[in-house]
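Geometric and topological summary
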Amino acid sequence: MPHFVRTLGTALLMLAGAAQAQTAPPTMKPAPAPEISADDARRDLRILKLAFAELHPGLYRSTTPAELDAEFAAADAAVAQGSSRAAMYLLASQLAAAVRCGHTWTNPYNQRADVAEKLFKRADNLPFTLRWVEGRALVTGSAAPGLAAGAEVLAIDGRPVADISAALLPYLRADGEHVGSLGKRWSQLDSGPNGGAMDRLFPLRFPPQRSDGTPRYRLRVRDHAQAALREVDVAAILGTERDRLLPPPSTAWAFKIEGDTATLTLPTFAFWRSDFKPGAFLTQTFTALRGVPYLIIDLRENEGGDDAIGRLVLSHLLRAPLDLPAYRVESAYERVPYVLARYLDTWDFGFFDRTGKVTKTNGRNWRLADKPAGRVDPVAAPYPGRTLVLVGPQNSSAGFLLARDIQRSGAALLVGQPTGGNLRGLNGGQLAWINLPASGVGVDIPLIASFAPGDPPDAGVLPDVPATPRWADAVAGVDTELQAARAVIARWRRR
């Protein structure tokens, strides 16, 4: 097993209560009772394991029963002296990550209000934003006196950033074990809408030190302008306050034309509660593109959403219809077991009863109607110019599907890094989240799985023009991948 997906082992024993004394010396007060008793914590783990077994249709795509059993056994040992809610959140995060599925995780948006309040609304966030490049941590924005954007963080509270990333990667979700899935895990360490691990997990795993009652972090940093190393003491901050001072990147679509090249930025396909009309935006955009010979579509931040929007984008690029293969679709159940139903939530409770809609397979799953072979037709007047699409590891759901179909069609060249997702198929489309009764921790579980025909590799989509961000470029504010796309366009101009 790769080093970044480790068994729970000693680290989790430390998290969940090994630090509690087995017996208190007679001259000391008894150790306080744990926030969650050992019995209750173990019951939560049993319920989570049952939920995975009964609900997750792709549970063993990328892991084995023995591997998953070992993860749960280590978690069970870790709560032998009881646990805290924070430790249970970390345990559930690592158990979800062990499934190696991009839609199985402790989604912060699907936590109970009291859990979110206790775990995520504390003044324990770093007062700056980060981007990780070549395993190094670059400050991209700072609300802390004495720390400026462009500095490199070398250590936090004496822990080298290499140790911090190694500790956090096993908590992070991705589909499979390919190079793009490793990139997907790394991308979640970045600050931004699809990242946030340094906000959500880091303060739980490595709580800040306190000085005069104020949580603080001690940093070792390098200012590249002076190439000097120094120590900086910064106060921790509420995440909402940090976001007010350093607004996160926008997820709005954007379009601009510069000379003979246009750039269309599509950070998301998730518009379920929005009045935004993607179809109208695309019609206007491609109308404005008449006479512009080159187009760059920036898909790098696009994790997913409605895959129909991706097909709509593709329809403006195609010169001929694209036939899509049929996919086998499976569920782990005919009806959700009653013992689990009371802990589950979702947006459509019809997902929980598939009576008359599924047939039993020879394995553990039930088969739904196959996703039929599809077809994407070009619009009446598709874009006649040449297109490059910037892709990367965050493309793991609908973003991955668009990258895959663009490459299949030949409608554009892909530039950048290998995507997340998986050519074997994805788990998703229908989701539920289970709220564990003692800790209240919520875990997203996909309820359907699609299986690609044939025997595709455990892989994401590989770019036609590889381009990986470089540290020197990041420090200088240069977009390595965008530069690579512009270099391709420069070659096209010369022909």
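Everything below is about the structure shown above.
Here is a short report on the structure shown in this document. (Residues numbered from 1 in each chain as written. Predicted model: local features only at pLDDT ≥ 70, side-chain atom pairs only at ≥ 80, totals over all residues. Heavy atoms only, no water.)

1. Describing the sheet that holds strand 15 (residues 366-367)
The strands that make up a sheet pair up through hydrogen bonds in the backbone, lying either parallel or antiparallel. With antiparallel pairing, the four strands of this open sheet are ordered in space as 14-15-12-21. Taken across any chain shown, the strands that pair with only one partner, and hence form the sheet edges, are strand 14 (359-360) and strand 21 (449-451). Across three bridges, strand 12 (residues 328-331) lies against strand 21 in antiparallel orientation. Note that in strand 21 the partner of Arg 328 across the bridge is Phe 451. (Pairing = 2+ DSSP bridges. Helix = DSSP H or I, 4+ residues; strand = E, 2+ residues; numbered from the N terminus.)

2. Description of helix 16 (residues 480-494)
With 15 residues, helix 16 extends 22 Å between its outermost C-alpha atoms, agreeing within 8% with the 21 Å of an ideal straight helix rising 1.5 Å per residue. Among all positions in helix 16, only Thr 480, Glu 481, Leu 482, Ala 484, Ala 485, Val 488, Ile 489 and Trp 492 are buried. Tucked into the core, helix 16 has its buried residues touching strand 9 (261-265), strand 10 (294-298), strand 17 (386-391), strand 18 (413-416), strand 22 (465-466) and helix 15 (471-476). If you check the start of helix 16, you find a side-chain oxygen 3.3 Å away from the backbone N of Glu 481, and it comes from Asp 479. (Expected span 1.5 Å × (residues − 1). Buried < 20%, exposed > 50% of the residue type's maximum accessible area, 1.4 Å probe, protein only. Contact = heavy atoms within 4.5 Å. Polar contact = N/O pair within 3.5 Å; in protein donor to acceptor, adjacent residues only side chain to side chain.)

3. Description of the packing of helix 2 (residues 38-55) against helix 4 (residues 85-98)
Two packed helices can be described by the angle between their axes and the distance between those axes. Two elements in contact, helix 2 and helix 4, have axes separated by 12 Å at closest approach and are oriented at 25 degrees. Looking at the two axes, helix 2 sits roughly parallel to helix 4. The element helix 2 and its partner helix 4 pack so that their crossing is right-handed. Note on element contacts: helix 4 touches helix 2 through Met 88, Ala 92, Leu 95 and Ala 96, opposite Ala 41, Asp 44, Leu 45, Leu 48 and Phe 52. (Axes fitted to C-alpha atoms, helices over the stretch in contact; angles between N-to-C directions. Parallel < 35°, antiparallel > 145°, perpendicular 65-115°, else oblique. Left-handed = near helix turned anticlockwise from the far one by under 90°.)

4. Focus on helix 6 (residues 161-168)
Of all the residues in helix 6, the buried ones are Val 161, Ile 164, Ser 165, Ala 167 and Leu 168. Along the axis of helix 6, the buried positions cluster into a sector of 160 degrees, meaning they face one direction only. (Arc of directions from axis to C-beta.)

5. Digging into empty space enclosed by the protein
In this structure the tally under the stated criterion is two cavities of 30 Å³ or more. In this structure, the largest cavity occupies an estimated 70 Å³ of space. Considering the residues around the largest cavity, the lining is formed by Arg 61, Ser 62, Arg 100, Asp 175, Gly 176, Asn 422, Arg 424, Gly 425 and Asn 427. Within the lining of the largest cavity, the residues separate by chemical class into no nonpolar, five polar and four charged. (1 Å grid on protein atoms, 1.4 Å probe; cavity = no way out; pocket = protein on both sides within 12 Å on 5 of 7 lines; lining within 4 Å. Points joined across faces, edges and corners; volume = space filled by probe spheres on them. Nonpolar A, V, L, I, M, F, W, Y, C, P; charged D, E, K, R; others polar.)

6. A few points about the side chain of Ser 396
The topology assignment puts Ser 396 in the loop between strand 17 and helix 14 (398-409). Reaching out from Ser 396, the side chain makes a polar contact with the side chain of Lys 184 at a distance of 3.1 Å. Ignoring sequence-local partners within four residues, the contact set of Ser 396 consists of Asp 175, Lys 184, Asn 302, Glu 303, Gly 420, Gly 421 and Leu 426.

7. Describing the side chain of Ser 315
Relative to the helices and strands, Ser 315 is located in helix 12 (residues 307-315). There is a polar contact of 2.6 Å between the side chain of Ser 315 and the backbone oxygen of Leu 312. Sequence-distant contacts of Ser 315, defined by excluding residues within four places in its chain, comprise Val 376, Asp 377, Pro 378, Val 379 and Pro 382.

8. Notes on the pattern of salt bridges
This structure, assessed with the given rule, holds 32 salt bridges. We note a salt bridge from Asp 124 to Arg 122, for which the minimum N-O separation is 3.1 Å. Put simply, Asp 405 and Arg 404 hold a salt bridge, and the shortest N to O gap is 2.9 Å. Judged by its relative accessible area of 5%, Asp 405 falls in the buried class. Assessed through its relative accessible area of 10%, Arg 404 is described here as buried. Look at the salt bridges and you will find they share partners, linking Glu 67, Arg 100, Glu 177 and Arg 185 into a network. (Salt bridge = Lys/Arg side-chain N within 4 Å of Asp/Glu carboxyl O.)

9. A few points about a positive patch on the surface
Taken together, the side chains of Arg 386, Arg 491, Arg 494 and Arg 495 make up a positively charged region of the molecular surface. Note that Arg 491 resides in helix 16. (Patch = residues over 30% accessible without salt bridge, like charges linked within 9 Å, V, L, I, M, F, W, Y side chains within 5 Å. Areas by Shrake-Rupley, 256 points an atom, 1.4 Å probe, with all protein chains shown as cover. Lys, Arg positive; Asp, Glu negative; His and termini not counted. Charge placed at Lys NZ, Arg CZ, Asp CG, Glu CD.)

10. Regarding the pairing of strand 17
Of all six residues in strand 17, five are buried, a share of seventy percent or more. Pairing between strand 10 and strand 17: five bridges, direction parallel. Of the residues in strand 17, the one forming a bridge with Ile 296 is Leu 388. Relative to strand 18, strand 17 runs parallel, the two sharing four bridges. Looking across to strand 18, one finds that Leu 388 is bridged to Leu 413. Where the polypeptide runs from strand 17 across helix 14 and back to strand 18, its parallel neighbour, the crossover connection is right-handed. (Right-handed = clockwise from strand over helix to strand, strands pointing away.)

11. A few points about the sheet that holds strand 22
Taken in spatial order, the six strands of this open sheet run 8-9-10-17-18-22, and their pairing is mixed. The strands lining the two open edges of the sheet, one partner per strand, are strand 8 (254-258) and strand 22.

12. Focus: the packing of aromatic side chains
Going through the model one piece at a time under the given rule, you end up with 15 aromatic pairs. Each ring, one from Trp 132 and one from Trp 186, has its centre 5.8 Å from the other, and the planes form 50 degrees; the classification is tilted. Of this pair, Trp 132 sits in strand 1 (residues 128-133) while Trp 186 sits in helix 7 (residues 179-187), and the two are 54 residues apart along the sequence. In this structure Trp 186 comes out as partly exposed when scored by relative accessible area, which is 24%. Arranged with centres 4.8 Å apart and planes meeting at 45 degrees, the rings of Phe 271 and Phe 276 form a pair that is tilted. Accessibility expressed as a relative area gives 16% for Phe 271, which makes it buried. Every member of this aromatic cluster is reached through a ring pair, and the members are Trp 253, Phe 269, Phe 271, Phe 276 and Phe 281. Residue placement shows Arg 61 over the ring face of Phe 451; its charged tip is 4.2 Å from the ring centre. Here the basic side chain of Arg 173 rests over the ring of Trp 105, its NZ or CZ set 3.9 Å away from the ring centre. (Phe/Tyr/Trp six-rings, centres within 6.5 Å; stacked < 30°, edge-to-face > 60°. Lys NZ or Arg CZ within 6 Å of the ring centre and 35° of its normal.)

13. Observations regarding the environment of Arg 367
The residue Arg 367 is located in strand 15 in this model. For the pair Arg 367 and Pro 57, spaced 310 residues apart in the sequence, the C-alpha separation amounts to 9.9 Å. Once residues lying within four places of it in the same chain are set aside, the contact partners of Arg 367 are Arg 328, Val 329, Glu 330, Lys 357, Val 358, Thr 359 and Thr 361. A polar contact of 2.9 Å, which involves the side chain of Arg 367, links it to the side chain of Asp 370.

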